[in-house]
Amino acid sequence: IHVFAGDLGEPNYLSSSVWGKLNDRLQEGMSQGRHTCKPGVYRYETLDGALEAVVAGAVSPGWHMYGGVAAAAVPLVNYLRNVPEYALISTCVCIGPERGLSPREVQLLEDRRFQAVSLGTSVYRTETAVHGLVVPLTSILCGFSEDHV
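Because the structure is a prediction, the values reported are computed rather than measured. (Residues numbered from 1 in each chain as written. Predicted model: local features only at pLDDT ≥ 70, side-chain atom pairs only at ≥ 80, totals over all residues. Heavy atoms only, no water.)

**A few points about the overall build of the chain**
Counting secondary structure elements, the chain contains 6 helices and 6 strands. In sequence order, the secondary structure elements of the chain are arranged as β-α-β-α-β-β-α-α-β-α-β-α. Every one of the 149 residues in the chain was classed for burial, and the buried ones make up 32%. Taking contacts inside the chain between residues at least 6 apart in sequence as the whole, the part at least 24 apart equals 80%. Split by element, the accessible area of the chain, about 9500 Å² in all, is 53% carbon and sulfur. (Helix = DSSP H or I, 4+ residues; strand = E, 2+ residues; numbered from the N terminus. Buried < 20%, exposed > 50% of the residue type's maximum accessible area, 1.4 Å probe, protein only. Contact = heavy atoms within 4.5 Å. Areas by Shrake-Rupley, 256 points an atom, 1.4 Å probe, with all protein chains shown as cover.)

**As for unusual backbone geometry**
Unlike most non-glycine residues, Arg113 shows phi in positive territory, near 65 degrees. Along the polypeptide, Arg113 turns up in the loop between α5 (103-111) and β6 (114-118).

**Structural notes on the pattern of salt bridges**
Taken as a whole and judged by the stated rule, the model has 4 salt bridges. Residues Asp48 and Arg104 are paired through a salt bridge, measuring 2.9 Å at the closest nitrogen-oxygen approach. With Asp48 in helix α2 (residues 47-55) and Arg104 in helix α5, the pair connects residues that are 56 residues apart, well separated along the chain. When salt bridges that share partners are traced, they join Asp7, Asp48 and Arg104 into one network. (Salt bridge = Lys/Arg side-chain N within 4 Å of Asp/Glu carboxyl O.)

**Focus: the confidence of the model for the chain**
Mean pLDDT for the chain: 77, with 83% of residues reaching 70 or above. The weakest mean pLDDT in the chain belongs to strand β3 (residues 64-67) at 57; the strongest belongs to α5 at 89. Overall, residues 59-64 carries pLDDT values under 50, and its contacts beyond four positions in sequence, including any with other chains, amount to 21 contacts. In the model, residues 145-149 has pLDDT below 50 throughout and makes 4 contacts with residues more than four positions away in sequence or in other chains. (pLDDT = per-residue confidence, 0-100.)

**Details of α5**
The α-helix advances 3.6 residues per turn, and as a result positions three or four apart in sequence lie on the same side. Looking at α5, one finds that the buried residues are Glu105, Leu108 and Leu109. The buried residues of α5 occupy an angular sector of 95 degrees when the element is viewed end-on, so they sit on one face. Looking at α5, the residues exposed on the side facing more than 90 degrees away from the buried face are Pro103 and Asp111. Where α5 terminates, the next one or two residues include Arg113, which has phi positive at roughly 65 degrees. (Arc of directions from axis to C-beta.)

**A few points about the environment of Ala116**
Looking at where Ala116 falls in the secondary structure, it is placed in strand β6. Spatially, the C-alpha atom of Ala116 lies 9.4 Å from that of Cys94, the residues being 22 residues apart in sequence.

**A short note on the packing of aromatic side chains**
Inspection of every chain in the model, using the stated rule, returns 1 aromatic pair. Ring geometry for Tyr13 versus Trp19: centroids 6.3 Å apart, planes at 85 degrees, classification edge-to-face. Here Arg43 stacks its cationic end above the ring of Trp19, 4.5 Å away from the centre of that ring. (Phe/Tyr/Trp six-rings, centres within 6.5 Å; stacked < 30°, edge-to-face > 60°. Lys NZ or Arg CZ within 6 Å of the ring centre and 35° of its normal.)

**Points about a nonpolar patch on the surface**
On the surface, a nonpolar cluster with roughly 360 Å² of combined accessible area is contributed by Tyr86, Ile89 and Leu141. Mapping Leu141 onto the fold places it in helix α6 (residues 126-141). By relative accessible area, Leu141 is classed as partly exposed at 35%. (Patch = residues over 30% accessible without salt bridge, like charges linked within 9 Å, V, L, I, M, F, W, Y side chains within 5 Å.)

Now the structure itself:
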């Protein structure tokens, strides 16, 4: 999990007190989901730094997405119907702050062949958007039928 402070995000986000309790929260979430592998969590001052760490050869280009309500965004359901399951295994999901991504950040993602996807016209808190984007992906990868997506 790579967290970045967006250009339009809350400036104090990376210094929030939540980071002090992160291991406890991860442990609780893992326990509830019956998972045993705790993810690494990394913080970056900018999206640029996060992209350098994540995208530099680690994930195949073209199968990335970021949440957005932009006119160019594809509805998540349509995106998932048109992407082969094998490509979802290496999907990198970028979720911006509630205030959205700056034009500069959108351009960075587009330059790296990210596809904008949408959860609809509502603006979601970041932690809600995580569930909205990640749950359908993991459901497909864990073998649930399309009816459950």
